[in-house]
Amino acid sequence: MSGETIVVTGTTKVLEANGGLIANNSVVQADDASYSVATDGGGYPDAEFVISATFATAPTEGTTLVLMARPLDIDGTSDAEAPELARPTRFVGIFEVNDVTSAQYIALVARDVPRKADYYLGNNATGQSVTSGWTLKVTPLSYKAAA
Amino acid sequence: MNAAQKSALEGVVDRELTVLEVEQIDPLLPDRMDTQIADILSVGRVRTKETLIGERTLFRAMGMAQAATFLGTIRNIAAGESELAVPLSYAVKWLDADKLDVGDAQVIAQIGILTAIGVLSPAQASVIKALAETPDPVSVSAVSDALNVAEGRMSL
């Protein structure tokens, strides 16, 4: 059958390859790279974000790591404010954690991501620190009609 | 533990850290094991709450013999002419009504006076005051927030 809507994905970009420790109630930037819908995402409006994160001591089940964006170049070359847990600037989504000490791989799909942004990961009261070495990757996402 | 971290934790508990606490917390700081740090700071922390008691509570807490002696002594003082007579007469009245609040600061002060004049031993005074004590643990969030600020981390 042709013409039905199918998902298309772009090239995965690594926003953080070796993140620093994220203490409870703190925020750390994925500072290896920013993500631009136009130049990195091929214009695709949506994206799948995937983290790998480890806790040395198991966190509270069901608590979250918060993905936040800082839109860049929103007024000429001026950027939005850096996010804080209490004021996330642009809330993207949450990664709900498991109460384990093994590496967790968690994905979230975000719609209409900022045109260009830096991304930050917030430890939202999990009770434990995310150990250093976490990663954040983004894969552009869109839809098209099947041939 | 650097000075900023120590100051932050002392701000959470509103007192200086003991040498033992510093030794126990030091290895937990690099990996920010805040739950364990909060547990260490919570050891022995109590707060007093309103707790109404009567004679039966004292008998259970102190034992029959000690409670009976104590109650007899304060009733005698309350019936006498000393400067303790008036406050103890109220205490006796409230005990009879099962409404002596051993969490009240004024009552705790009277327990201190009775201990100083030998009506109560320090151990007996501790037993009575413990009736109004409840654990007051330090929250993990309070530890995390204080350390995040001290370490210059992005946070709240």
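Scroll up a little and you will see the structure.
(A) Layout of the overall build of chain A. What chain A contains, in helices and strands, is zero helices and nine strands. Counting helices and strands in the order they occur from the N terminus, chain A gives β-β-β-β-β-β-β-β-β. Relative to a compact globule of 147 residues, whose C-alpha radius of gyration would be 15 Å, chain A shows 16 Å and is just as compact. With the principal axes as the frame, chain A shows a C-alpha extent of 50 × 40 × 25 Å. Burial status across chain A gives 47% buried among its 147 residues. A separation of at least 24 residues holds for 80% of the contacts in chain A among residues at least 6 apart in sequence. Element-wise, carbon and sulfur atoms account for 48% of the exposed surface of chain A, whose accessible area totals about 6,700 Å². In chain A, the 9 positive side-chain charges and the 17 negative ones have mean positions that sit 6 Å from each other.

(B) A look at the interface of chain A and chain B. Residue-level contacts link 16 residues of chain A with 16 residues of chain B. Between chain A and chain B the total buried area reaches about 1,200 Å² when both faces are included, carbon and sulfur atoms providing 48% of it. Contact with chain B buries surface across chain A, with Leu21(A), Asn24(A) and Asn25(A) losing the most and accounting together for 36% of the total. If you look at where chain A meets chain B, you find zero salt bridges.

(C) Region of the structure containing the environment of Leu141(A). All names here are of chain A. With respect to the secondary-structure elements, Leu-141 resides in strand S9 (residues 134-145). With relative accessibility at 10%, the residue Leu-141 sits in the buried group. Measuring from C-alpha to C-alpha, the distance between Leu-141 and Asp-46 comes to 4.9 Å, with 95 residues separating the pair along the chain. With residues near it in sequence (within four places) discarded, Leu-141 still touches Val-7, Val-8, Thr-9, Tyr-44, Pro-45, Asp-46, Ala-47, Glu-48, Val-109 and Arg-111.

(D) Seen up close, helix H1 (residues 3-13) of chain B. All names here are of chain B. Within H1, the full set of buried residues consists of Gln-5, Ala-8, Leu-9, Glu-10 and Val-13. Looking at the packing, one finds that the buried side of H1 touches helix H2 (19-25), helix H3 (34-42) and helix H9 (140-150). For H1, the capping residue at the N-terminal end is Asn-2, with a side-chain oxygen 3.1 Å from the backbone nitrogen of Ala-4. After H1 finishes, the residue Asp-14 shows a positive phi value of roughly 60°.

(E) Structural detail: the packing of helix H4 (residues 55-62) of chain B against helix H8 (residues 122-130) of chain B. Residue and element names in this part refer to chain B. Remark: H4 packs on H8, axes separated minimally by 10 Å, with the N-to-C direction vectors making an angle of 125°. Classified by the angle their axes make, H4 and H8 are oblique. Crossing geometry of H4 relative to H8 is assigned as right-handed. Contacts between H4 and H8 involve Leu-58, Ala-61 and Met-62 from the former and Gln-124, Val-127 and Ile-128 from the latter. Grouping the amino acids of the contact of H4 with H8 by side-chain chemistry returns five nonpolar, one polar and no charged.

(F) View of the environment of Leu114(B). Residue and element names in this part refer to chain B. Mapped onto the elements, Leu-114 comes out in helix H7 (residues 105-116). Residues Leu-114 and Leu-84 lie 30 residues apart in sequence; the distance between their C-alpha atoms is 9.2 Å. When neighbours within four sequence positions are excluded, Leu-114 is seen to be in contact with Phe-70, Ile-74, Leu-84, Leu-88, Val-119 and Leu-120.

(G) Expanded view of the pattern of salt bridges. Across all of its chains, the model carries twelve salt bridges over all chains by this definition. Close ionic contact of Asp73(A) with Lys116(A) constitutes a salt bridge, the shortest N to O distance being 3.1 Å. With Asp73(A) in the loop between strand S5 (64-71) and strand S6 (90-96) and Lys116(A) in strand S8 (residues 116-124), this pair connects stretches of sequence that are 43 residues apart. Judged by relative accessible area, which is 31%, Lys116(A) ranks as partly exposed. For Glu151(B), the salt bridge identified is with Arg32(B), shortest N-O distance 2.9 Å. With a gap of 119 residues between them, Glu151(B) in the segment after H9 and Arg32(B) in the loop between H2 and H3 connect regions that are remote in the sequence. Each of Arg32(B), Asp34(B), Glu151(B) and Arg153(B) takes part in one network of salt bridges that share partners.

What counts as what
- Residues numbered from 1 in each chain as written.
- Chains lettered and ligands numbered in written order.
- Predicted model: local features only at pLDDT ≥ 70, side-chain atom pairs only at ≥ 80, totals over all residues.
- Heavy atoms only, no water.
- Helix = DSSP H or I, 4+ residues; strand = E, 2+ residues; numbered from the N terminus.
- Rg over C-alpha atoms; globule rule 2.2 N^0.38 Å.
- Buried < 20%, exposed > 50% of the residue type's maximum accessible area, 1.4 Å probe, protein only.
- Contact = heavy atoms within 4.5 Å.
- Areas by Shrake-Rupley, 256 points an atom, 1.4 Å probe, with all protein chains shown as cover.
- Lys, Arg positive; Asp, Glu negative; His and termini not counted.
- Charge placed at Lys NZ, Arg CZ, Asp CG, Glu CD.
- Buried area = accessible area lost by both parts, 1.4 Å probe.
- Salt bridge = Lys/Arg side-chain N within 4 Å of Asp/Glu carboxyl O.
- Polar contact = N/O pair within 3.5 Å; in protein donor to acceptor, adjacent residues only side chain to side chain.
- Axes fitted to C-alpha atoms, helices over the stretch in contact; angles between N-to-C directions.
- Parallel < 35°, antiparallel > 145°, perpendicular 65-115°, else oblique.
- Left-handed = near helix turned anticlockwise from the far one by under 90°.
- Nonpolar A, V, L, I, M, F, W, Y, C, P; charged D, E, K, R; others polar.

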